[in-house]
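Each chain, letter by letter, is given below.
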Amino acid sequence: MPIAQLSNDIDITYETLGDPAGEPILLIMGLGMQLISWPDSFCDGLIKQGFYLIRFDNRDSGLSTKLTQLGKPNIALALLKMAVRVPLKSGYSLDDMATDAIGLLDALKIKKAHILGVSMGGMIAQIVAARHPERAISLTSIMSTSSRRGLPEGTKEARKILFTPPPVDSGPEAVIDHLLNTTHVIGSRKEFLASDTELRQRLAKTVARGMFPQGTLRQLLAVGASGDRVALLKTIRVPTLVIHGKIDPLMPVACGRETAQLIPYAVLKEIDGMGHDLADGLNPHLTQLIGEHCHAASQLTMPIPLPQNG
């Protein structure tokens, strides 16, 4: 796969899909995930609508630069500090990861793109849209949040699985079992999911390509250390679609609702039966919503005005 060497000494592995003549959509994945974590059914649904997709491995994941010199974070200590409101320090921030995304667009000579992110990727996408509005045609924030303190937390089971490291020392099959269990805990209703056989095949490719738990911990620390985006979200002036699952056990739907409330004129779509994933059975509906949003945003000739009290 091609690699973009960014000016900040980060190498980003990426892949493009679809017709280069189509409008570009930059896809930003979530915590610890890789570019192949975007389901084929999701990508195909957007490609069929004429879009040109750019998907990539975030720093510290997949085949992109690993920041091993930063060491392994003590997440237990970080959680304790957060509980008592002691500021966290991290080797990099979500803003740095947003800079990576802009750097990739620069490397590909793409002046403007639709910016779409899921979960942590949604946080990064929000920052890109807010800090670099000249590069964003639109924003789509999926199963994400403003990170404001006081928002409802995920279920105990979902939070436990998030902080349970994959058993890499026990071999690939044990890791695949762990990831499949994670999907069952945080994912959409079973009728929307692919079969366990299909899921295991996909997860095997993920494990073989490049699992990097230490990097996932550093990304998690970056999320915690970056604080909330309440004030930042109020400044976004590009057309915004917020998508959130009604049964998301990791990031409750209230997180999506607040995100949409904070971004001027954002449209919120709550999806029945959707958890914290992009389930195959829901992707035709999701990609239709996203395609309609992006096509409509492309027709606008002026930025969205901020509310007078904004």
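All of the points below concern the structure found in this document. (Residues numbered from 1 in each chain as written. Predicted model: local features only at pLDDT ≥ 70, side-chain atom pairs only at ≥ 80, totals over all residues. Heavy atoms only, no water.)

**Thoughts on the overall build of the protein**
Across its full length, the protein carries 11 helices and 8 strands. Relative to the compact-globule value of 19 Å for 310 residues, the protein shows a C-alpha radius of gyration of 18 Å, a close match. Counting only C-alpha atoms and orienting by the principal axes, one finds that the protein spans roughly 55 × 45 × 40 Å. Considering the protein as a whole, with its 310 residues, one finds that 54% of them fall into the buried category. Counting contacts in the protein only where the partners sit at least 6 residues apart, residues at least 24 apart contribute 79% of the total. With the model as given, the accessible surface of the protein reaches about 14200 Å², and the carbon-plus-sulfur share is 54%. (Helix = DSSP H or I, 4+ residues; strand = E, 2+ residues; numbered from the N terminus. Rg over C-alpha atoms; globule rule 2.2 N^0.38 Å. Buried < 20%, exposed > 50% of the residue type's maximum accessible area, 1.4 Å probe, protein only. Contact = heavy atoms within 4.5 Å. Areas by Shrake-Rupley, 256 points an atom, 1.4 Å probe, with all protein chains shown as cover.)

**Comments concerning the state of the cysteines**
In total, this model carries 0 disulfides according to the counting rule given. The thiol of C294 is unpaired, and the distance to the nearest cysteine sulfur, on C43, comes to 13 Å. Here C294 falls in the buried class, since its relative accessible area comes to 1%. (Disulfide = S-S within 2.5 Å.)

**Things to note about the pattern of salt bridges**
Counted under the stated rule, the structure contains 15 salt bridges. A salt bridge links D100 to R59, with the shortest nitrogen-to-oxygen separation between them at 2.6 Å. Of this pair, D100 sits in helix α3 (residues 94-107) while R59 sits in the loop between β4 (52-56) and α2 (75-83), placing them 41 residues apart in sequence. The burial state of D100 is the same as that of R59; both residues are buried. Three or more residues joined by partner-sharing salt bridges are found here, namely E173, D177 and R200. (Salt bridge = Lys/Arg side-chain N within 4 Å of Asp/Glu carboxyl O.)

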